[in-house]
Structures are given as structure tokens and as C-alpha cells.
Amino acid sequence: QVHLVESGGGLVQPGGSLRLTCVASGSDLTIRKMSWYRQYPGKERELVAHIMTNDGTDYVDSVKGRFTIYRDKGKNTVHLDMTKLRPEDTAVYYCQLCVWPQSYWGQGTQVTVSS
């Protein structure tokens, strides 16, 4: 059974940085399509970033130039480096593993951007 765990969230001031980590058991996530999503209270979960099987990446417009998704193949982890954080980045962030035709999710990690 696939199990994903996110970590690295916390409270940060506007303009600050955080690194989120997704650790997998039961699957080699370094050779799968991986995504980060975020969810605001009372809102639908939204896509933040993808990393494809060839390590190509894509981002939602609001985070381009500020967030970076990348793999650490030796540790079987996927990360989201977040810089120049804004209050509107405040959300629960989720890691998603795509294994066709299924998707797997972690428990989420809270990111709060506030003075």
C-alpha cells in the first residue's frame, strides 16, 4: 500500500521561504508523475506544481518564479521549495502520487504566511 507523508510547513513572514518534503513508502516516487496541491479553507483543492516522469515541471501561474518542485532520487523524496511567500499562499499543501489509473495523497502540511 502506498503511503505519502508531507512535512516542512509552518509559520513564516511574507517574503520568507519554506521547503516542503514528500516521503513515500510502497512506491518509488522518483520515477512517477508527482504533484503538489494546496487547499484553502472552504475551497476546492488546487494544483500548484507537477514534476513529470522525465523531470519536466509545470506550475500554476501564481507561483511561477517563486516555487520549485524537484526530486531527490537517493532519498525517494519530492520537494517544493517556496520563496517570496505571500499571505495568499496560506493553505494546506498536499503531495500527490500518480500511478495510473489511481492517485494517492498525503495528510497535508499547513503553510501560514503572516506578519
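Since this is a predicted model, take the numbers as computed values, not measurements.

1. Quick notes on the overall build of the protein
- In terms of regular secondary structure, the protein is built from zero helices and 11 strands.
- Listed N to C, the secondary structure of the protein is β-β-β-β-β-β-β-β-β-β-β in terms of helices and strands.
- Computed over its C-alpha atoms, the radius of gyration of the protein comes to 13 Å, within 12% of the 13 Å expected for a compact globule of 115 residues.
- Per-residue burial for the protein yields a buried fraction of 42% across its 115 residues.
- The long-range fraction of contacts in the protein, counting pairs at least 24 apart against all pairs at least 6 apart in sequence, stands at 53%.
- As displayed, the protein has an accessible area near 6,200 Å², and 49% of this comes from carbon and sulfur atoms.
- Measuring between centres, the 13 positive side-chain charges of the protein sit 1 Å from its 11 negative side-chain charges.

2. Let's talk about the sheet that holds strand S1 (residues 3–7)
- Strand order across the open sheet formed by four strands is S1-S3-S8-S7, with antiparallel pairing between neighbours. Strands with a single pairing partner mark the edges of an open sheet, and in this sheet they are S1 and strand S7 (67–72). The average undirected angle you get between the axes of adjacent strands in this sheet is 15°.

3. Observations concerning the packing of aromatic side chains
- All told, the structure shown has one aromatic pair when counted by the stated rule.
- With centroids separated by 5.0 Å and ring planes inclined at 70°, the aromatic side chains of Tyr37 and Trp105 adopt a geometry described as edge-to-face. One end of the pair, Tyr37, is in strand S4 (residues 33–39); the other, Trp105, is in strand S10 (residues 102–105), and 68 residues separate them in sequence.
- Its relative accessible area of 17% is what places Tyr37 among the buried residues.
- Of the residues examined, Trp105 reaches a relative accessible area of 35% and is grouped as partly exposed.
- Over the ring of Tyr94 we find Arg45, and its NZ or CZ is 3.7 Å from the ring centre.
- Against the face of Trp105 rests Arg45, its NZ or CZ located 4.5 Å from the ring centre.

4. Examining the side chain of Thr109
- Mapped onto the elements of the fold, Thr109 is located in strand S11 (residues 109–113).
- A distance of 3.1 Å separates a polar side-chain atom of Thr109 from the backbone nitrogen of Gly9.
- If we ignore the near neighbours within four places in the chain, the residues touching Thr109 are Glu6, Ser7, Gly8, Gly9, Leu20, Ala91, Val92 and Tyr93.

5. Regarding the pairing of strand S9 (residues 91–99)
- Two elements, S4 and S9, share seven bridges in a ladder whose sense is antiparallel. What sits directly across from Ser35, in S9, is Gln96.
- In this sheet, S11 lies alongside S9 in antiparallel orientation, the contact comprising three bridges. Across the sheet, Tyr93 pairs through a bridge with Thr109, a residue of S11.
- Relative to S10, S9 runs antiparallel, the two sharing four bridges. Bridged to Val99 within S10 is Gln102.
- In sequence, S9 turns back onto S10 through a hairpin of two residues.

Parameters and conventions
Residues numbered from 1 in each chain as written. Predicted model: local features only at pLDDT ≥ 70, side-chain atom pairs only at ≥ 80, totals over all residues. Heavy atoms only, no water. Helix = DSSP H or I, 4+ residues; strand = E, 2+ residues; numbered from the N terminus. Rg over C-alpha atoms; globule rule 2.2 N^0.38 Å. Buried < 20%, exposed > 50% of the residue type's maximum accessible area, 1.4 Å probe, protein only. Contact = heavy atoms within 4.5 Å. Areas by Shrake-Rupley, 256 points an atom, 1.4 Å probe, with all protein chains shown as cover. Lys, Arg positive; Asp, Glu negative; His and termini not counted. Charge placed at Lys NZ, Arg CZ, Asp CG, Glu CD. Pairing = 2+ DSSP bridges. Axes fitted to C-alpha atoms, helices over the stretch in contact; angles between N-to-C directions. Phe/Tyr/Trp six-rings, centres within 6.5 Å; stacked < 30°, edge-to-face > 60°. Lys NZ or Arg CZ within 6 Å of the ring centre and 35° of its normal. Polar contact = N/O pair within 3.5 Å; in protein donor to acceptor, adjacent residues only side chain to side chain.

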